[in-house]
Each structure stands twice: as structure tokens, then as C-alpha cells.
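# Commentary on secondary and tertiary structure
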Amino acid sequence: MAATRGMRLRTLLLLAFALLALLPLAVTVPLASRRIEETFARELAARADAAATLGSTELDRLRAEVEQSVSACAADPLTEAVALQLESGLPPAADAMRGVAEGRPLTVLTLRDASGVTRSSAFLPARVGDVEPGLSTVRTGEAPVLVPVEVQNAEGVQLRPALVAARPVEAARGTAILVGGQVLDEAWVSRLARLTAARVELQGPGLAPAAAGTAEGRTVRRALPLGPAELTLGVGSAAVDETRATLLKALVTAGALGLGLALIAGFLFARGITRPVEALTEGVRSVAGGALDTRVPATGSGEVRVLVDAFNRMAEDLGHATRALRAAEQAAAWEGVARSLAHELRNPLTPLQMSLETLLAARKARDGRFEALFVESAPAMLEEVERLRRTIDAFARFARLPAAQLEPLDLTAWTEQALGLAGARPGVALRWEPGPPLAVRADRDQLAQLLHNLLRNAEEAMPSGGQVTVRTRGDADRAVLEVEDTGPGIPADARARVLEPGVTTKASGTGLGLALGARIAQGHGGTLEVDTAPGGGALLRLRIPREAAAGVRLTP
Amino acid sequence: MRRGAILVLLAAAAPLEARAAARARDGGTLRLAVLPEVRADRWGETPEGAALRELVAAPLCRVEGGGRVQPVLASVQRTADGVSVVPRPGARFSSGAPLGTAELAQAWARAVERSPVARAALGPVRELAPTLEQQSRGKAAGLLLPLAHPWPDLEVSLCHPALAPVLGDGGSDGVGPYAPDGAERGRAVPAFPEGRPHPDGFLVSTLARRAAQRALETRSAQVLLGDGGEAAAPALFATYLVSRPQARPMVSLLETRLDRPALVRSFVGSPAAAMPGLLPPSLGGPERSASAGGSPGRGSGTALLLYAADRPGQRAVAQRLQILLRDAGVSLRLGARTPEALDRDWRAGQGDLALRSVLLPPVPAAALAVVLELAGDPGAGRRELAGLGALADERERAARTRERALQLAGALPVVPLYVEGLRARLDPALVDVRRDAFGLWTLDDAWWP
Amino acid sequence: MSPGPALVAALLAAAPGPSALEALSEQLRAQVVAAHPEPPVAVAVEASSAALAETTAALVATRLGESGLPAVVIGSGEDAAARARSAGARSLVRLRLQVAAEVLGAGELRSVWRNFWAGRAAPETGPTRVLSAAVPVDRATQLLAAGPGQGAGLVLDPAPLARLPVRTAALATGDLDGDGRPEVAVLAGGEVSVLDGAGSLLARHSLLDLPPAATPAREPFGTLCIGEGRLVVAWARADGSLALRLQGGQLVRGTGGGAPTLGCGASAEPASFAPGAARLVLARGPEREPLWGGDARAGHRLLLLPDGTARWFQPGSEVRVLRDVGAGAALVSWRGEMRVAASSAAAAPAEDRLRLVGPGPEEPSVAVPGRILQVCGGAPGPGPALVLGLWTADGGSELRVVRGPP
């Protein structure tokens, strides 16, 4: 209970320290995080604007390039020749413009006549003879405009947006118009995406959508006006998020580090406080367990030091008092023993004395019956002497009982084994009722002595036979060994003294058997109780502490 | 410049001197410049490829301008129930093996696998495969071809370049006036039955169009194959659009939008002509299509068109068809194939539409046989041809064929598109180069003073 | 690089006495050069005689070449522009000559070049320069203009006796069926055909089943002789020869045969075919060079040499060397005199000329539409007549009859 309280104190102290360390973090992190958030949002917007500016510049460059290339193509001698051929009414080769487009940054180049019919095309010769809806709307002289154009491959024909410009071929007096430009295809979109480091999406009604680049996380978009199509540049927050996350992580790491340091400091501090308290607790526990010479080292300071000193003084006093008490008890015990001894020795001495006086009187009277009397008295006198010797042996044993050598064993298994060795007197039935395995710490020899004494006691209580029942059982913290007989039982008034040395209810006996048993039980930290069995016989019950540790390997 | 001028002048002035050569002059190397697409035509399926290939793999016979069949490697004799093809003694493959009936049967068995023209030419033969199989092991003097029905035009069909005997699958071991000597050269074969050609050999250079034209101008080449040509020459290399039943709606959509003269003008180029009928104009087919009528409809769906990748005209036309179908709401995918793969894959059921170009035989009935082969219904084809073959009179047969061709035009899954002639130019100094009835130049006799 | 036109004109003017044609050519050259045409230049000249046209064209071309403009000569005609293009020329000089008191040359210079993009039906652009020049006529020019054979009395039958889709290899006339009238035998396309005087086919016989020659000749070549009711055939693509008889409307194989011969009948000289070439090699005698052919008849011998000359051996006279004689030449008995009927040695002409060379200086001649490869006398019909085997441009051939005045 005290240890738990000590732990609690320490935990409380630690919690207090942690709380102290966490409080500033809890206040600063959200604030800092919000500021970081705002800064990065501004950064993201700036990036999107920069991408839009780049995209816009690229479009302007593309327009200029298309304008320049188409004008150059319109003045190319080959174009003029094709246009003149067209003017003279002869169809040029469907792909005649391919030669003009060679080496120029154009992916659309078509020569159409005044009525808008494609007459030769560098990239879509299959359209020759038709009016291409997209290209025919482009007017000469305009800046490049975005129109949908057809792009053909083996998989089919797709509409793609293209920036195109139209220029009349001067040599043909306006009967031929050159339309050229660049398709804003996947490749262009990819290039723009690389250039602007943004996700670029190009969509328009009926157009095959083109997209490139990535924008992960929250995306900030900017749309660039591009005729019927829409060019969107999206900058993702992923990069910004990563930086922000790194910053936050650093912040949290710093907080965690502070917290850890606070906990260590708190632990050390709490330990400084609780260690003397714990030592004191331990000291109290030892003293309670009988170690009266226990002293708590005088550490700490202030109130704790005072408390420790007080405890040590108290323990010292307690020691003195206990020693005085024990001396008194021993004296009392020896008195009892001496009284018993005197009683035991006096009992045979009286008949001896009377017999010897009778014999001496007969010898002196030269009574003729001396011889017969001697023969009659001598055995009785010897028996009394033998009885004296036995009594003295029993007392000697009682006095010599050593301190118990405790070792772990299973009480039930040990009892079963011991009973097997013991056997029973004829006429007495031995009944064994084993309980569950009971882990105890005990001295085997003393326990065997105890069991022997209890059994002898029972047998002696039933001179005409009966039944002895031995059983083991356990309760919450004690192991119990019971020996029950079917004898006359022990009268209620004798029960209190029957465990004292020299007290017996039987005709013969030193009265030391049960006293010895009680001492052995005491040496094991247990008790020997005297009770009446339900059938009226005597019931002797040994209670010793159980070994709590489960998993201890038990031996019988 | 000055030196070049003098050289040319010497050449020009030479006739005035004693450069007597009323008979052909032997020696020299015939230099040919060919465009890459001609080179790619390994089996001589185009007119240009055939003209080139005939140098090393001559056909069995030649159909002269007037329609006369002139034996080259074999003569064809009529028997009671068919014909017997008798190889000329002395005809040998360039590998040295003599041309016998067994070799001829083997060569034809392979040609039939590869070429619709060969299948059509040998179509009237009764149980063709077993017949060829049986005779490819024999040693008979003549290859006997029993006919399932009368077929007076067989002799002309057998002169088709597609039936030129070739050993093995390489395509180069033929019986020709020249034997191949590497990929670009050939040397004259002294024992060729029609006589050793006048030059000692030929040399083929594969050049881009401009380079080839320049080579001809500067006389570093005497023959250019793949460019130029004469509009007046017979044009028999016909291109058809064949279709599967499920693609018929798309074909109908195309037909309302197709302007064949414009297609030829813009995408094929001369020498070529629109071919509104199943037979080309040079075989008496109609020159103008009946007015298509109806406004261009619209459809939907997707289809796969197979075409020969090595033929620029086919590619351009395939792309045009793709555009036309797109305008009609149909998405057309284009599958480029080699000619052999095109024939194989189409017969294996791939594709919904295909462009098929074939060099038609120069007589209407034999040409219609090829068209029926392309249509892919052997039973109906054979019934049709049996009816035509029963007419012994050539004129009557031709007239009836034209009539039937007009009637069949709508019913067959074959849409005629255009017909092309031989694209070739010659150095004017070359002598004795003639056209045969297929419109091909026969370069065998060529020489120059 | 090239001297200026004025300098060239001055140099030429300083030269002593140029002929009228040279002077005319020089004037035309100066005009052409001044127009800076794109080389090479094709020159086509039309004149009253082929000789005049050829000479003038060659002169103009030479002059242009000297001025740094490579030039080629092409034949005149409606399709001159196309032929100029085929010849690789980029410009065309087209002239018409008229010879009277002065030689008048007039015509045009035009570009014929088409760029590759122009398609295959480019427009014909008009002349970039009109050319015209005139110089006083001289004797040589008049001679050239007159042309050969005028009024020489040879007449070509307007219609061919027969037209063949293949080329003739040999030709013979003679009475094969014994009816007293000559038939015409022709070897062409691997078969021998016999025609009657009207050109109708009497019989034919294929030679394709003959054992092949080890080295066949490419050009159709062979010999045919009719005598004693037999037709002896030797074909340069077959090994050996055979004799045929006309029996019951069919040519049947007879006995005999043997080698090809130079000439027929009693005067025939044995010969053989040169390996792989359309040449005849005499088996005997000192002449061992391969010949285009020849004839032997009544003591005369005619050997046709591949250099375009012929040697005419006449009894009791020295060998006469004839120039410009082609492969189609034979000895013919003409109004009781032995003459040589000779084609020209021009290389594959579209139009040939047959002339009759006799002992005298006059050489009657006639233009024929094709290339003469075979000539033989004794043609059917009235009067002295020859049968010609002509190769036409379409790869076929014609049998034509040329007659003297009756």
C-alpha cells in the first residue's frame, strides 16, 4: 500500500512536470502553424501567378513564331510555285506543302484556295479537296488565333487546338491562302508543363483534352484565355506542404525533446523526494516484520530528515521494549517448563519413594515377605525410572529444536508421501483426503516431526482403534493441514492449555508433543489450532503461509 | 560544265559518224534506279515491282500488245479436259535446278498461298491443291491442269507475273534472263531460253524520288521505276476496297462521299484513273460512275481498315478514307501491313475493311475472276466464271463479262476505287523496250547504241 | 567561265568562209545564249530532209555546247517537248528550216523543265524566246535539203503484207507448194509461218520443242531458205535446224536440215550462229568475223559487217565496200542486174530507208516506217519487188513490199 502511494507520488510529480513542459508547446505550435500556413498560401499563389506569366509568355512567343513562320512560308518560292500552279487551274500534289514545312517549326501548313478549299497540306493531305471547318475560319492578316484542327494518325482523327495564322500568297494575287501554325498537342502541353512546373490542361468543346504535369495536394489554378479553348495552369501545394510539414515536424520534435527532458528532470527530482519516503516505508515494513534493528539511512533534508530520525528513534525504542518483553516471556516459558518438569519428575518419584520405603521397612523388619515384595516392586520401580528418562529426553528435544530451514515444497504432495512412510497402528484406519497443490516454504524434518506427533497424538487418543483422517486444503493465503480422529476429543477447558509444554489429557505422555508442534508451526510463520471434529473427535489444524508465486516449481 | 557539255555533244553528234548498230549491241550494265517502295515489293505485285522482278523471275509467257500469248518459259497446250503446261527445255532456275513440272507445281502451290491473283488465275482448275500436290512429285513432261469449267482465258492468266515460277520462299530463285548476284546486281544468263540479254548485267540503286529523277537526267540510270509514266498506257493495277458484311453500312457511307476522280487527282497521281466499275476502263469498264444520288449520310461506330504500308498511294487513300468516314461519324483505325501479311490477315478474318491492289490480267473475264476472288465467295465466283467461260467467242465473252461486272457491282463486297499504270521512265537512248498487255515494260530486250 | 556571246561571235566571224549552215547555227546560238535557258538544252530541227535536219541540229548543239550550254539532239515532231524531258533536257530549241534563196531558220526556245511539285500534268508554258535567222543559201545546203532518193522509183506498198505481234527473225520467198507462185516464209516468235501472196497464213510450225541452243541469241535471228519444195529453217535459239514441207496445208518435218547458211541454193555457204549473239559465222573462207548476215547468189557474195559496212564480192570485179549498210540487206536481181538492197546502219531508227545499190551512181531509195531487219527479193506480185521484214516500235513487225516502177 505504501509502495503504491510512493509510485503515485512519483507519477504525479512526473505528470506535473510533463504538463509544465507541454503547456508552452500547446500555445506556440498552433500559432506558429497558422503563420506558416499563411506564408505558404501566399507562396503558392505567387507560384501560380508566375506559371501563368510563363505560360502567357510562351503563348506570345508561339504566336510570334507562328506569324513569322507562316509569313516566311508564304514568301517561299516553293509555296509561290504551288500557288501559281493552283492559280493556273492545275491541282498541286496533295502533300506539296511538305517541302515548305520542312525545317520550320510548324505542325499545320495548308494551302487553300479563295473558296476555302484545302488544295495542298503538309500535315493532313487527306483533307485536300475539302473545306476544313477550323482552318477556313481563319482570316488573312489576323494575329494567330486558336482554332480546332484535325490531327490524323493510325488510330483515328482527333480535333486538337492549334494556333494558326493565314497569309495570302502574294505571287498568286490572293487566289491562294496559306494557313499555318502549331498544334497545341500533348507534346506542347508537356513542354509547357515542364517550363512552368505546373499541371497544364487544355480543353475545349469537341477537342481531345490534353494534360500534362502534376499538381498534387491543394491546387491553385490560373486560366489563360485562348479562344474557344481553355488553358489552365495549376500549381499544386505538394512542395509547399512538404516544406510546411518539415517545419511543423521540427517544431513538434523540439517540443517532444523538451517534454522528454522535462520528464527526465521530473523523474530525477521525484526520485530525490520519494527515495527517503520509500526507505522509510521499507523500514516500517521491516520493523513490522520483526526486524527491530532496522534503521533508515539518514538521507534527505528538512522534514523528511526529521521524519527519518524520528522513525529510527522509534525503532530503537521498540527494539528495547521487545527485547525486554521477550526476556519476560522466556522467563515465563521456562517457569512453565520447570513447573511441568517438576510435575513430571515428581509424579514417579513419589511411588518410587514409597516402594523404596516399603522395601527398606520390610528389610529392616526382616519380614519374610521382603523377597516377594522386592520381586513385586522392582519392575514397577524400573518402569518409573524409565518414565523419568523419557520425560527428560522429551524435554531435551523440546529445548534443542533448531531454527527452521525453510524451502519451497508442495504441502499436499509432501503429506501424501509422508503418510506413505508413516503407516498406522493396527486398529486405526488412516484416511487421506488430498487438497490442491499447496506451495509453501517449510522445513521438511520439522514438518515430519510435526505430522508424526499429530498422528501419534491421534492414535494415542483412540486406544481401542478408530479412524484418523488427514487432509490438506488452502484458503486465500494459507495452506492448511488437518488431522482428525474419532477419539473422545479434547475437552473445551483443556484446549487453551493443551499446546503448553507438559499439558496432556492422556494417561501417559510427556505433554510435550503438541507443544513441540505448536513451536514448529510458529517457526514456519503459522499456527497450530486445536478444534473439535464434527464427529466429536479431536481436530488439529496446521496453518502456514502459502507461497504466492505461481509458477514456482514445487517439490513434494 | 564544259567537259559535260562536250561529252553530251559527242553523244549527240555520234549518229552522224559510223556508229553502225542496226542490230543490238551487247555489253554494258543496265542501270536501274528504283524508289524504296518498288524495292520493298519483294513479290512483284505492283507493276513497277513486277517489271523489276521479271529480270530475275520471268513469267511463263508474255501477252503481247495484241493479246497474243508468247511462250517464254513454257507453252500451254489444250487437252481434252484442261490444259498441259510444258516447260521450255533449257529453262533453269538461278540456283541451277531445271524448270520441270514438279518445280512449277511447287511454285504455284506457294503462289496460291500468297497472291489472290494467283488464286484467281488457277481458280478454274479442278481440285487445284490436290492437283498441284500430286504433280509436285511427278516427272511428267507437262503440268496437267484439269478444268472445272471451260475457261478460254487461262493462257492469258498464266502469263501473270504472280505465277512466275520461283523456288523456295525467298522470292529470288526464279528463271530469268538475269541471275541475281547479290541484292543489287544481276548477271546475264547465257542459256536463258529467250537468249542472253544484251547487257552483261544490271545494277539496281534504291533512291529517293528526287535522287532517282536526277540519276535519270544525268544518265547515271537508264530506267527509273516508281516515278513518271504514260497516261495512255494500259492501266491494270487496280485498287479495291473490300469489306466484311458488318462493314457494309460504312461502305455505303463512303460511297456517297467518294469522289474517285478527286481521289486519283489528289492522292494517287498519274498514271492512274478513277475506276467506278469492277473492271478498269482499259478493259471496257465504265469511265464515269453513275450519279451516286442521295445526300451523304451519317453513321457511327468504329472499324479497322487494313492497307499495304509499302505503297504510298494506298497509305494516302487510306488516310483519305479515314477522313471521309470521320466526316460521316465513323471512327476508322488504320492497320498497316506488308502485302503478304495483308492477304494472310484479311483471309484470317482480321479487319473490317481492306484496300486490295491487284495487277489485273489484260482480258475482262480473267480480270473479273480476280475481282470475284477478292470478293471471297468461291462458290458464287465459280458459278459466275463457268457461265462466262462457256462463251467461246472472245468478243462475246468480253461483252458478257462487262455486262456482268456492271450487274455485280452493287452486290459484291468489293468497291472499285482506281486503277494505276506502270510508273516508270526510260532513258530515250534505250532501244527495244516494249510494253506487254499488262502495261509492263519488258526490259529483257533492252540495249543501247 | 564561258566566253561572252559577243566574243564567240567575233571569233567565229573572223574564221574564214563558214558554210551557210554554220553561219545560221551561229546566229541561232547567239540568240539562245542571250535568253539564258536552263541547261541541258534539247535541239529539235524539222527540215525537208532528215539529213539537213540532223546536220543543223548537231551544229546548233555543238555551238551551244561550246558556249557552256550542254545540248542534246532529239528528233522533231509534236512530242518534242516530252522527248526533251525524257532526254533530261530542261530547255528546248525547236526549229523549222526552209531552204530557198536563203536558208531560213525559225522557231522557239522554251523551258520544258517541271519541278517535282508541278505534278504530272504541268502546263506547257509559252516560248521564252522566238528564234529566227536567215543566211544566203549555198550548194551544200541545197544538196542536204534535197535528200536522197528523190524520184528514184522505189514505191512502198501502202498496206503491209502482214503484221506480226512479234519480231521477225528470218524471211524467205519461194515457191513452197509448187503452184508457181511464191510464198513468203517468216520465222518469228519461235515458229515458222508460211503466207501466201496476199499475206494470208497458209501454215505454221512451232520450233519451241526443238532442243534449246546452249547459248541462245536474244535478238530474233535465224536463216530461212526455200528450195526444191523444202523450207530449211535454222533458229539461233535452237540447236540444229530442220527442213519442212508444206503438205495438205500443214508444215511437216522433212528430211535434211543442217547448219544455217549464208545465202540459199547452190551458192549457199555453210555457217553457224555465234554463241549468244545474233551473228553468223562462216564455216569456210578467210572471213571469220561474226556477220550480221549476208547473201550469196549467182557468184555474188554480200557480207554484212557489224561496223555498218558491207563487202560486195562481184564476179570478175574487185570487192566493193558499201557504207551505211544495216542488217537488212540482200542481193536482189533487179531488172536483170544484181543489186544490193540495203537498209541503213542507223541505230534502231524509227524510220529506215531502203536503198538499191547497183553498179551505177544512182541509188533509188524509199523511206519505210520501221527498222529493216530482213530483205528478200522475189516478192509476190507484178514487177520487181522486195519483201521487207520491218521491226516496228510496238515490238511487233510488219512484212512490207517495195516495188520498182513497173
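This is a predicted model, so every value here is computed, not measured.

## Section: the interface of chain B and chain C
Tallying the contact residues gives 51 residues for chain B and 62 residues for chain C. Interface of chain B and chain C: buried area, both sides summed, is about 4,300 Å²; carbon and sulfur atoms make up 56% of it. Joining chain B to chain C, the criterion identifies eight salt bridges. Here Asp444(B) ties to Arg218(C) by a salt bridge, and the two come within 3.8 Å at their closest N and O atoms. Linking chain B to chain C there are 13 residue pairs in polar contact (both at pLDDT 80 or more). For the side of chain B that touches chain C, the secondary structure elements donating two or more residues are helix H1 (2-13), strand S3 (69-71) and helix H8 (209-217) of chain B. Looking at the side of chain B that touches chain C, the element that brings in the most residues is H1(B), giving five residues. Residues of the side of chain B that touches chain C, tallied by class, amount to 24 nonpolar, eight polar and 19 charged.

## Quick look at the confidence of the model for chain A
Residues and elements named next belong to chain A. In the predicted model, chain A carries a mean pLDDT of 82, and 93% of its residues have values of at least 70. Here helix H7 (residues 302-364) stands out as the element of chain A with the lowest mean pLDDT, 79, in contrast to strand S14 (residues 478-484), whose mean of 91 is the highest. Every residue in residues 549-554 is under pLDDT 50, and counting partners more than four places away or in other chains gives three contacts.

## Looking at the state of the cysteines
All names here are of chain B. Enumeration according to the criterion identifies two disulfides over all chains in this entry. Between Cys-61 and Cys-159 runs a disulfide, and the two sulfur atoms are separated by 1.9 Å. Taking the sign of the S-S torsion, -110 degrees for the link of Cys-61 and Cys-159, the bridge is left-handed. In this pair, Cys-61 is assigned in strand S2 (residues 61-63) and Cys-159 in the loop between helix H7 (154-158) and strand S7 (166-167), connecting sequence segments 98 residues apart. With a relative accessible area of 2%, Cys-61 lands in the buried category. Look at Cys-159 and you get buried, because its relative accessible area is 1%.

## As for the sheet that holds strand S7 (residues 210-212) of chain A
Residue and element names in this part refer to chain A. Spatial ordering of the open sheet is given by S7-S6-S9-S8, a layout of four strands whose pairing is antiparallel. Every interior strand has two partners, whereas the edge strands, S7 and strand S8 (219-226), have only one. Averaged over all neighbouring strand pairs, the angle between strand axes comes to 15 degrees, with direction disregarded. Sheet strands touched by helix H5 (residues 186-196): strand S6 (199-203), S7 and strand S9 (229-236). Its angle to S7, the strand with the most contacts, is close to 30 degrees.

## A closer look at the side chain of Glu269(C)
Residues and elements named next belong to chain C. Along the chain, Glu-269 turns up in strand S17 (residues 269-273). Classification of Glu-269 as buried rests on a relative accessible area of 15%. Here Arg-301 takes part through its side chain, which lies 2.4 Å from a polar atom of the side chain of Glu-269. Among all residues touching Glu-269, those that are not within four sequence positions of it are Pro-260, Thr-261, Leu-262, Leu-282, Ala-296 and Arg-301.

## Things to note about the pattern of salt bridges
Residue and element names in this part refer to chain B. Counted by the stated rule, this structure contains 86 salt bridges over all chains. For Glu-373, the salt bridge identified is with Arg-119, shortest N-O distance 2.6 Å. Residue Glu-373 is located in helix H13 (residues 364-375), and its partner Arg-119 is located in helix H5 (residues 116-121); the two are separated by 254 residues in the primary sequence. A relative accessible area of 26% means that Glu-373 is categorised as partly exposed. Among the ionic pairs, Arg-344 bridges to Asp-345, the shortest N-O distance being 3.7 Å. With relative accessibility at 11%, the residue Asp-345 sits in the buried group.

## As for the sheet that holds strand S16 (residues 538-545) of chain A
Working definition: the strands of a sheet are paired by backbone hydrogen bonds and lie parallel or antiparallel to each other. Residue and element names in this part refer to chain A. Spatially, five strands are ordered S11-S13-S14-S16-S15 in an open sheet, and the strand pairing comes out mixed. Pairing within the sheet leaves two strands with one partner each, and these edge strands are strand S11 (428-433) and strand S15 (527-532). The mean angle between the axes of side-by-side strands here comes to 15 degrees, regardless of whether they run parallel or antiparallel. Those strands touched by helix H10 (residues 444-461) are S11, strand S13 (466-474), S14, S15 and S16, and its axis lies near 30 degrees from that of S14. The sheet strands contacting helix H11 (residues 513-523) are S15 and S16, and the helix crosses S15 at an angle near 130 degrees.

## Examining the nonpolar core
Formed by 109 residues in total, the largest nonpolar core has its most connected members in Leu32(B), Trp108(B) and Tyr240(B). Among all residues touching Leu32(B), those that are not within four sequence positions of it are Leu52(B), Leu55(B), Phe202(B), Leu203(B), Val204(B), Ser205(B), Val223(B), Leu225(B) and Leu443(B). Counting residues in hydrophobic clusters, the runner-up holds 40 residues, among them Leu438(A), Leu450(A), Ala521(A) and Ile544(A).

The rules we used
- Residues numbered from 1 in each chain as written.
- Chains lettered and ligands numbered in written order.
- Predicted model: local features only at pLDDT ≥ 70, side-chain atom pairs only at ≥ 80, totals over all residues.
- Heavy atoms only, no water.
- Contact = heavy atoms within 4.5 Å.
- Buried area = accessible area lost by both parts, 1.4 Å probe.
- Salt bridge = Lys/Arg side-chain N within 4 Å of Asp/Glu carboxyl O.
- Polar contact = N/O pair within 3.5 Å; in protein donor to acceptor, adjacent residues only side chain to side chain.
- Helix = DSSP H or I, 4+ residues; strand = E, 2+ residues; numbered from the N terminus.
- Nonpolar A, V, L, I, M, F, W, Y, C, P; charged D, E, K, R; others polar.
- pLDDT = per-residue confidence, 0-100.
- Disulfide = S-S within 2.5 Å.
- Buried < 20%, exposed > 50% of the residue type's maximum accessible area, 1.4 Å probe, protein only.
- Pairing = 2+ DSSP bridges.
- Axes fitted to C-alpha atoms, helices over the stretch in contact; angles between N-to-C directions.
- Core = buried A, V, L, I, M, F, W, Y, C linked by side-chain atoms within 4.5 Å.

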